[in-house]
There are 2 protein chains.
Amino acid sequence: MGLVGHYSFQMQPQDGDFTEHVYASSLGDYILQAAGKNADDNGFGVRELNRENYTWVLIRMAVEIIRIPTMYERISIKTWIESIRAATTTRNFAVFDEQDRVIAYSGTNWAMIDLNTRKPVDLGKLPTLTHYISGNTIPIEGVAKLPSIESAPVATRKVQYSDIDFNKHVNSMKYLQWVLNEYSIDWYNHHAIQRFDINFLHEAMYGDPISIHQQRNGLTDLFEMKRQDESLCKVQIQWVNH
Amino acid sequence: MGLVGHYSFQMQPQDGDFTEHVYASSLGDYILQAAGKNADDNGFGVRELNRENYTWVLIRMAVEIIRIPTMYERISIKTWIESIRAATTTRNFAVFDEQDRVIAYSGTNWAMIDLNTRKPVDLGKLPTLTHYISGNTIPIEGVAKLPSIESAPVATRKVQYSDIDFNKHVNSMKYLQWVLNEYSIDWYNHHAIQRFDINFLHEAMYGDPISIHQQRNGLTDLFEMKRQDESLCKVQIQWVNH
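Residues numbered from 1 in each chain as written. Chains lettered and ligands numbered in written order. Predicted model: local features only at pLDDT ≥ 70, side-chain atom pairs only at ≥ 80, totals over all residues. Heavy atoms only, no water.

A.B. asks: What am I meant to see in the side chain of N38 of chain B here?
C.D. replies: Its location among the elements puts N38 of chain B in helix 1 (residues 24–41). Beyond its immediate chain neighbours, meaning those up to four positions away, N38 of chain B contacts G5, Y7, T79 and R91 of chain B. (Helix = DSSP H or I, 4+ residues; strand = E, 2+ residues; numbered from the N terminus. Contact = heavy atoms within 4.5 Å.)

So, in C-alpha cells, the structure goes:
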C-alpha cells in the first residue's frame, strides 16, 4: 500500500436531509469510514488493535465543506497520516466529486487507548505506523481547541440505544447530529455549513443525562455537551447564508 | 432486466449497535435501498416518478429475521414484485449471507401518491409495472394489519431535523428506531428480534408532537405513534430470548 488511501462511496437516500443534500453527520461518517478502511489496509485497523486490547479513539475533527454532496452522488475520499506524536496522530482527508474537484477537506487527531483502562497508550507500541507518515498537510486551519460555555443548557437528553456504537459509547457523529437538531427547517432553508470542529473530551455511555449548551457569535455557533459538570464534547459550526 | 433484482451491501461500523450486530432499522434501510435500486433499474424509481409528479410511499412492511448480520458482514438482497392491485403493489425480499444462506425475508406493500394531493394514484398509470409481476411468494406470514392502542403514552417526542428525509416526512425506519430506543441495554443483552411488522398510516412532518404508546403481550410488543388522536404508524416486534 502507498501512503495515501483512496476510497469511493455513493450517497444513499437515508444520508439525505429534506433538501436532498447529505447530512453533515453523514459526510462525517463517510470520512470516518475512509479512516477505518485505510487503517485496516495498512494493518492497524480497529479489529487488529482489538487483538492487543487497544482501540482508536477520535480526539478532534475539523471538516471544511466547499460543496455538500447530494443524494445518490458518488464521492471519493483520499486519506493519509500527516504526523505522529507520542500520544496522538494526525490524519488528513480530501473529498472529491466525480469530476475530481475537491468538495471538502478534513483534519483529525486520534489516540490509541487501552480497552481496560480506557487511557491513552504510547503510539510507539505501533511501530508500523511510522512507515505511513506522509508529512502532507491540507489547506485549512488545524482543528480548533474549543472553549467552555458557562450558560444554561438549551436542551437536555438521555443517551439512547441508537446513540451508542460497538465501542459502547456515544458514536462520534451523534454529537453533531444532536446539535444539528437544534436548528429549524427555516434555518436550513437559508444557511449551509462551511466548517465544523469537534473536540471529544470524555465518553458518554448509555443512559447518561446530557445537557446541551449553546453560544452564538454571528454565524458561528459553539455547543458544549456536558454530563453534570463534566465536559464531554464541544462542537463549533460556522454557517454561511445562501 | 429479469424479474428479480440482486444487490450487495457491506454492513458499516455505524450500522452496528453495541453488540456489533446491525440495528434492525439498518437492516430495514438496506432492504428499502434494494427496493429503490430495483425500481430504478426497471424504470419506475422515485426519480422517474417525480417527473410525473408522483412518488412511492411504503404502506406496510414485515421483516422476519433468521440471523441478524454483524458489522462489516457482506449481505445480498434479492427483490421482486409479487403482485399488483389497483392502489398497492407487493414487493418481496430475501436476504442472503456470503454463503448464500437466507438470513431474513421481507414483504412490503407500496402505494404511488400524487406529490400535490398526497393521495394514492391508480397503479394502472404505470403500465410497465405489469411486466415485472413474478407471482413469487416468500415463506412468511403476510404483513400484519395492526390494532390501535388506547392506553397512555410511554414516551413523547417532537419530529427533528434528523428524522425527516427527501420526502419531507419522517423516514420510514425512524419510527422503528424510536420504538427500539424504548428498550434497555439489559433487554438487548438477552433478547433478539425475530420479526417486526410496520403499518404506515399518516405522514409525520417536522415539528409534529408524537406520542408513543405500547402494549405488551408476552414477548410481543405493539407500539402506536400518534399525533394528538391521529394514528401515524404502528409497529409490532416479536422478540426471542437468547
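Further notes follow.
A.B. asks: Which parts of the structure should I look at to understand the packing of helix 1 (residues 24–41) of chain A against helix 3 (residues 172–180) of chain A?
C.D. replies: In helix packing, the relevant descriptors are the interaxial angle and the interaxial distance, both defined with respect to the helix axes. Residues and elements named next belong to chain A. Between helix 1 and helix 3, the least distance of the axes is 9 Å, while the angle of their chain directions is 170 degrees. Considered as vectors, helix 1 and helix 3 are oriented roughly antiparallel to each other. Here helix 1 contributes A24, S25, G28, D29 and L32 to the contact with helix 3, which in turn contributes S172, M173, L176, Q177 and L180. The residue inventory of the contact of helix 1 with helix 3, partitioned by class, reads five nonpolar, four polar and one charged. (Axes fitted to C-alpha atoms, helices over the stretch in contact; angles between N-to-C directions. Parallel < 35°, antiparallel > 145°, perpendicular 65-115°, else oblique. Nonpolar A, V, L, I, M, F, W, Y, C, P; charged D, E, K, R; others polar.)

A.B. asks: In this structure, what is going on with the interface of chain A and chain B? I would like to understand it.
C.D. replies: When the parts of a complex come together, some accessible area is lost, and that lost area is often taken as the interface size. Across the contact, 31 residues belong to chain A and 31 residues belong to chain B. Across the chain A/chain B interface, buried area totals approximately 3,100 Å², and carbon plus sulfur atoms make up 53% of it. At the boundary of chain A with chain B, the tally comes to zero salt bridges. Taken together, the links from chain A to chain B amount to 17 residue pairs in polar contact (both at pLDDT 80 or more). Mapped by element, the contributors of at least two residues to the side of chain A that touches chain B are helix 1, helix 3 and helix 4 (185–190) of chain A. Among the elements that make up the side of chain A that touches chain B, the one with the highest residue count is helix 1 of chain A (three residues). (Buried area = accessible area lost by both parts, 1.4 Å probe. Salt bridge = Lys/Arg side-chain N within 4 Å of Asp/Glu carboxyl O. Polar contact = N/O pair within 3.5 Å; in protein donor to acceptor, adjacent residues only side chain to side chain.)

A.B. asks: Would you take a moment to explain the sheet that holds strand 8 (residues 209–217) of chain B for this structure?
C.D. replies: Within a sheet, adjacent strands bond to each other through the backbone by hydrogen bonds, running parallel or antiparallel. Residues and elements named next belong to chain B. Pairing is antiparallel across the open sheet formed by 10 strands, whose spatial order is 1-3-4-5-2-7-10-9-8-6. Each end of this open sheet is capped by a strand with a single partner; those strands are strand 1 (5–10) and strand 6 (155–158). Neighbour-to-neighbour, the strand axes of this sheet turn through a mean angle of 25 degrees, independent of strand direction. Sitting on the sheet, helix 3 (residues 172–180) touches strand 2 (54–65), strand 6, strand 7 (191–200), strand 8, strand 9 (220–227) and strand 10 (230–241), and the angle it makes with strand 10 is about 55 degrees. (Pairing = 2+ DSSP bridges.)

A.B. asks: Sorry if this is basic, but what is going on with the relation of the copies chain A and chain B here?
C.D. replies: Two chain copies here: they are related by a rotation about an axis and a translation along the same axis. Between chain A and chain B, the superposition needs a rotation of 180 degrees and an axial shift of 0.0 Å, giving an RMSD of 0.0 Å. Such a combination of turn and shift is consistent with a two-fold rotation axis. Looking at the rotation axis and the C-alpha trace of chain A, the residue lying nearest is R157 of chain A, at 5.5 Å. When you check the interface residues of chain A against chain B, 100% turn up at the interface there too, and the contact is symmetric in its surfaces. (Least-squares fit on C-alpha atoms with pLDDT ≥ 70 in both.)

A.B. asks: Just checking my understanding: could you explain the sheet that holds strand 8 (residues 209–217) of chain A for this structure?
C.D. replies: All names here are of chain A. If you walk across this open sheet you meet the 10 strands as 1-3-4-5-2-7-10-9-8-6, and the pairing is antiparallel. The sheet is open, and its two edges are formed by strand 1 (5–10) and strand 6 (155–158), each paired on a single side. The mean angle between the axes of side-by-side strands here comes to 25 degrees, regardless of whether they run parallel or antiparallel. In this structure, strand 3 (residues 74–84) lies alongside strand 4 (residues 88–96), joined through eight bridges in antiparallel fashion. What sits directly across from S83, in strand 4, is T90. The strands that helix 1 touches are strand 1, strand 2 (54–65), strand 3, strand 4, strand 5 (102–114) and strand 7 (191–200); relative to strand 1, the one it contacts most, it runs at about 140 degrees. Packing of helix 3 onto the sheet brings it into contact with strand 2, strand 6, strand 7, strand 8, strand 9 (220–227) and strand 10 (230–241), and relative to strand 10 it is tilted by some 55 degrees.

A.B. asks: Mind showing me how you'd approach the nonpolar core here?
C.D. replies: With 138 residues, the main nonpolar core has I237 of chain A together with I237 of chain B as its most contacted residues. In contact with I237 of chain A, other than residues within four places in its own chain, are L176, V179, L180, Y183, I193, R195, F196, L219, T220, D221 and F223 of chain A. (Core = buried A, V, L, I, M, F, W, Y, C linked by side-chain atoms within 4.5 Å. Buried < 20%, exposed > 50% of the residue type's maximum accessible area, 1.4 Å probe, protein only.)

A.B. asks: Help me out: how do you make sense of the packing of aromatic side chains in this one?
C.D. replies: Centre distance and the angle of the planes are the two values used to describe a pair of aromatic rings. Scanning the entire structure with this criterion turns up 26 aromatic pairs over all chains. A centroid spacing of 5.0 Å and a plane angle of 75 degrees characterise the contact between Y161 of chain A and Y23 of chain B, whose relative ring orientation is edge-to-face. Pair noted here: Y161 of chain A is in the loop between strand 6 and helix 3 and Y23 of chain B is in the loop between strand 1 and helix 1, and the two residues belong to different chains. On the basis of relative accessibility, which here comes to 7%, the residue Y23 of chain B falls in the buried class. Taken together, a centroid distance of 5.3 Å and an interplanar angle of 70 degrees make the contact between Y175 of chain A and W178 of chain A edge-to-face. Of the two residues, Y175 of chain A and W178 of chain A are both situated in helix 3; the distance of three residues between them amounts to about one turn of the helix. A residue is classified by how much of its surface remains accessible, and W178 of chain A, at 3% relative accessible area, is buried. The rings of F18, Y23, Y183, W187, Y188, F223 and W239 of chain A together with Y161 of chain B are connected pair by pair, giving a single aromatic cluster. Stacked on the ring of F96 of chain A, the Lys or Arg K78 of chain A has its end atom at 5.0 Å from the ring centre. (Phe/Tyr/Trp six-rings, centres within 6.5 Å; stacked < 30°, edge-to-face > 60°. Lys NZ or Arg CZ within 6 Å of the ring centre and 35° of its normal.)

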